Structures are given as structure tokens and as C-alpha cells.
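The residues making up each chain are set out below.
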Amino acid sequence: MSAPDGSPVGAERSIGQLFASATTELSALVHDEIALAKAQLKQDVKRGATSGGAFTAALVLLVFSLPMLNFALAYGIRTWSGWNLAICFVLSFAANVLVAGLLALTGMVFAKKAKKGKGPQKVAASMKETANVLQHAKPHPRAERPEDRAPAAIEAVARSQS
């Protein structure tokens, strides 16, 4: 297994390598956040388009089907019930309005879902949180190794002998 820059995981890496690795990972994180925002925005647009399609279908149904459906339904009701033809036409119209209302209700449900979709807001909040964490990040204190103390110890011994 190796680090993103190709060096072995357990090996010591220079500050430059660590900085390059951190920059690469931060860049990948930003690209992933942008891709997530695009995907969530695409989903919200799709819901909005579905809502618009349902409203359009409701309108088309109401406009174009009323004359033909009203005549057919009114004469059908008159044949089955024997009621006055005017009452049969009113009932036919009411049935068409009911179907159009159901389609409009479906459109409203999808419109609310599209409005509630907070994909871009979630991504923006996540990016702000990541930036906040990175601003307050402090380097991990390193334990002193014997190699790091050697020059200081040699100087101390040299001063004490002089």
C-alpha cells in the first residue's frame, strides 16, 4: 500500500510531499463536493420538470377532453339513469374537473418535493464545515526522537567542558 504520492505508507515523507499530498486530497474533496452539488441539483430539476409536466397534462386534459368526454358521458348517464340531459352534462363536466384536480394535486406534490430539495444548501454547508476544520487544524506534535536531540546534547556537553 502506498500514499497518494507513491511513497510507502510507513516511510518518512518530506514537508513538500506532505503538502503536495494534502493539496491533492483537498482538490479531490472539492471536486467531489462539486459533483455532489451537481447531482443533487439535477435531481431537484428533474422533480421540477415532473411537476411542470403534471400541470401541463392536467391543463391539456381539461381543455381538449372536455367537449368529447362531456358529450359521451352526458349521453351515457342519460341512457343509464333517464335524467334530464342538462343534469347529465353537469355531471360529465364535474367528472372532468375531478380528474384534472387529481393531476394538479400530483403536480403540487412533486413541486413541494422539488422545493424541499436542499441539495446545494447541504453541499455548501459541508464545504463551509470542511473549510472551518481546515482553518483550525493544528499540526500534530511530534515526539522527540533521539536523532533530533543529538545536536542539542552535543552542544550542551561541549559548553559544559569548556
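Keep in mind that this is a model prediction, so the values were computed, not measured.

Chemist: Tell me what's going on with the overall build of the protein, and back it up with residues and numbers.
Modeler: When helices and strands are tallied, the protein shows four helices and zero strands. The N-to-C order of helical and strand elements in the protein reads α-α-α-α. For the protein, buried positions account for 15% of its 162 residues. Summed over all atoms, the accessible surface of the protein reaches about 12500 Å², with 68% contributed by carbon and sulfur.

Chemist: Could you give me a rundown of the packing of aromatic side chains, with the residues and numbers involved?
Modeler: Per the counting criterion, the structure on display carries two aromatic pairs. When the ring of Phe 71 is compared with that of Phe 89, the centres are 5.4 Å apart and the planes differ by 90°; the resulting orientation is edge-to-face. Taken together, the residues span a long stretch of sequence, with Phe 71 in helix α1 (residues 15–81) and Phe 89 in helix α2 (residues 85–116) at a distance of 18 residues. Judged by relative accessible area, Phe 89 falls into the partly exposed class, the value being 25%. Each ring, one from Tyr 75 and one from Phe 89, has its centre 6.0 Å from the other, and the planes form 75°; the classification is edge-to-face. On the criterion of sequence distance, the pair formed by Tyr 75 in helix α1 and Phe 89 in helix α2 is long-range, its members being 14 residues apart. Taking relative accessible area as the criterion, Tyr 75 reaches 44% and is therefore assigned partly exposed. Aromatic ring contacts, followed pair by pair, group Phe 71, Tyr 75 and Phe 89 into a single cluster. Sitting over the face of the ring of Phe 110, Lys 113 holds its NZ or CZ atom 5.7 Å from the ring centroid.

Chemist: Give a description of the environment of Lys 112 that names residues and reports values.
Modeler: Tracing the sequence through the fold places Lys 112 in helix α2. For the pair Lys 112 and Gly 48, spaced 64 residues apart in sequence, the C-alpha to C-alpha distance is 8.9 Å.

Chemist: An account of the packing of α1 against α2 is needed here, citing residue identities and associated values.
Modeler: Each pair of packed helices can be summarised by the angle the axes make with each other and by the distance between the axes. It is the contact of α1 with α2, at a shortest axis distance of 8 Å, that shows an interaxial angle of 170°. By the angle between their axes, α1 is roughly antiparallel relative to α2. Grouping the constituent residues of the contact of α1 with α2 by class yields 27 nonpolar, eight polar and four charged.

Chemist: I'd like a description of α1, backed by residues and values.
Modeler: If you look at α1, its biggest bend is around 60°, right at Ser 65, and the proline Pro 67 turns up within four residues after that. Just beyond α1, the residue with positive phi is Gly 82, at close to 80°.

Chemist: Can you lay out the side chain of Glu 33 for me, pointing to particular residues and giving the numbers?
Modeler: By the element assignment, Glu 33 lies in helix α1. On the basis of relative accessibility, which here comes to 10%, the residue Glu 33 falls in the buried class. In contact with Glu 33, not counting residues within four places along its chain, are Val 123, Ser 126 and Met 127.

Chemist: Pulling in residues and values, what's your account of the confidence of the model for the protein?
Modeler: Do not read the fine detail of predicted coordinates wherever pLDDT is low. Scored by pLDDT, the protein comes out at a mean of 78, with 73% of its residues at no less than 70. Element-level pLDDT for the protein is lowest in helix α4 (residues 146–161), with a mean of 56, against a maximum mean of 89 in α2.

Chemist: Which residues make up a nonpolar patch on the surface, and what values go with them?
Modeler: A cluster of nonpolar side chains, contributed by Phe 55, Leu 98, Leu 102, Leu 105, Met 108 and Val 109, occupies part of the molecular surface with about 560 Å² of accessible area. A total of five residues in the nonpolar patch trace back to one element, the largest contributor, which is α2. Looking at the element boundaries, Phe 55 is found in helix α1.

Calculation notes
- Residues numbered from 1 in each chain as written.
- Predicted model: local features only at pLDDT ≥ 70, side-chain atom pairs only at ≥ 80, totals over all residues.
- Heavy atoms only, no water.
- Helix = DSSP H or I, 4+ residues; strand = E, 2+ residues; numbered from the N terminus.
- Buried < 20%, exposed > 50% of the residue type's maximum accessible area, 1.4 Å probe, protein only.
- Areas by Shrake-Rupley, 256 points an atom, 1.4 Å probe, with all protein chains shown as cover.
- Phe/Tyr/Trp six-rings, centres within 6.5 Å; stacked < 30°, edge-to-face > 60°.
- Lys NZ or Arg CZ within 6 Å of the ring centre and 35° of its normal.
- Axes fitted to C-alpha atoms, helices over the stretch in contact; angles between N-to-C directions.
- Parallel < 35°, antiparallel > 145°, perpendicular 65-115°, else oblique.
- Nonpolar A, V, L, I, M, F, W, Y, C, P; charged D, E, K, R; others polar.
- Bend = angle between axes of the 7 residues up to and from the residue.
- Contact = heavy atoms within 4.5 Å.
- pLDDT = per-residue confidence, 0-100.
- Patch = residues over 30% accessible without salt bridge, like charges linked within 9 Å, V, L, I, M, F, W, Y side chains within 5 Å.
- Salt bridge = Lys/Arg side-chain N within 4 Å of Asp/Glu carboxyl O.

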